[in-house]
Amino acid sequence: MALYALGDFHLSFSVDKPMDRFGSVWKNHEKKIIKNFKKFVKEGDTTVITGDHSWGRKMSECEEDLKFIEDLPGRKILLRGNHDMFWDAKKTEKLNEKFEGRLLFLQNNFFSYEDYGLIGTKGYAFENLDTYEHYEKIRDRELERLTVSYEKAKEAGYDKFIMFLHYPPTSIDEQDSVFTNFAKEHNVKKVIYSHCHGVERFDDSFKGYVDGIEYKLVSGDYLNFRPEKVLD
Ligand SMILES: [Fe+2]
Ligand SMILES: [Fe+2]
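In short, a report on the structure. (Residues numbered from 1 in each chain as written. Chains lettered and ligands numbered in written order. Predicted model: local features only at pLDDT ≥ 70, side-chain atom pairs only at ≥ 80, totals over all residues.)

## Some points on unusual backbone geometry
Working note: non-glycine residues mostly have negative phi, and peptide bonds are mostly trans.
Move 1: The phi angle at Asn 108 is positive, at roughly 60°, despite the residue not being glycine.
Move 2: Backbone geometry at Asp 173 places phi at a positive 75°, although glycine is not the residue there.
Move 3: Along the chain, Asp 173 falls in the loop between β7 (161-165) and α5 (178-185). (Helix = DSSP H or I, 4+ residues; strand = E, 2+ residues; numbered from the N terminus.)

Structural data, given as structure tokens:
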């Protein structure tokens, strides 16, 4: 058994959004995802897919993309990305009912892998796309959602955690953030995130060990769409 992570599939089987205009790494990226999952991920394994699943703006435009994910080997846990318009955070329970036995949606809940609680939320980082006040508002709401996820795992008896974010855990040039502080204060062993695309974004935030916590960037183009092993 193993735990893997990979993010930012940006699928578009039902809408016209070819990804190869973002660089050659995106050429036939769906085929790379299938090939790598079949090569590395076994049926008993779990993969957390860290958001930006589909370009579809509503569920009917995402069904094929979600079916693609469903058909990949192993257990799949999905996290919400900034592009996942089909997923209303407040209606995650409904998604979990609709896809029961096929896909798991991580939001205001938790899942487990061996003796780890898998917790997470979209997170947020300042990218100069909104005002700092707006950034703080969204960031604080995301921290609340992360806390709900953590508390549910804690109540269920878990005392060590892997934390998943879609956005990087810090904004560019930040040395810490509410998310890295949360990780330090709550026995989080690893922080896994994606969202960063293109070589100029791959160093936006932490990678490797900081304060004893391992940080991993798992955006699809960073890993050439090969799932990253998080735990054996
Ligand atoms: Fe993305
Ligand atoms: Fe994103």
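## Concerning the sheet that holds strand β3 (residues 75-79)
Backbone hydrogen bonds are what pair the strands of a sheet, in a parallel or an antiparallel way.
Move 1: As summarised here, the arrangement of the five strands in space is β4-β3-β2-β1-β11, forming an open sheet in which the pairing is mixed. Lying at the two open borders of the sheet, with one neighbouring strand each, are β4 (104-106) and β11 (228-231). In this sheet, adjacent strand axes meet at a mean angle of 30° when their direction is disregarded. (Pairing = 2+ DSSP bridges. Axes fitted to C-alpha atoms, helices over the stretch in contact; angles between N-to-C directions.)

## A short note on the pairing of strand β2 (residues 46-49)
Move 1: Covered by surrounding structure in β2 are Thr 46 and Val 48 together with Thr 47 and Ile 49, the residues of both alternating faces.
Move 2: Here strand β1 (residues 3-6) runs beside β2; their pairing, made up of four bridges, is parallel. By the bridge assignment, Tyr 4 is partnered in β2 with Thr 47.
Move 3: Handedness of the β-α-β unit built from β1, helix α1 (residues 29-40) and β2 comes out right-handed.
Move 4: When β2 meets β3, the two strands line up parallel, connected through four bridges. For Thr 46, the partnering residue across the bridge sits in β3 and is Arg 75.
Move 5: The β-α-β motif built from β2, the intervening helix α2 (residues 63-70) and the parallel element β3 has right-handed crossover chirality. (Buried ≥ 20, exposed ≤ 12 C-beta atoms within 10 Å, placed from the backbone. Right-handed = clockwise from strand over helix to strand, strands pointing away.)

## A word on helix α4 (residues 132-155)
Move 1: Taking 1.5 Å per residue, 24 residues should reach 34 Å; α4 reaches 34 Å between its end C-alpha atoms and fits that length.
Move 2: Regarding α4, the residues found buried are Glu 142, Arg 145, Leu 146, Ser 149, Tyr 150 and Ala 153.
Move 3: Of the surrounding elements, those touching the buried residues of α4 are β6 (116-121), β7 and α5.
Move 4: With its phi angle positive at about 105°, Gly 157 sits one or two positions after the end of α4. (Expected span 1.5 Å × (residues − 1). Contact = placed C-beta atoms within 7 Å.)

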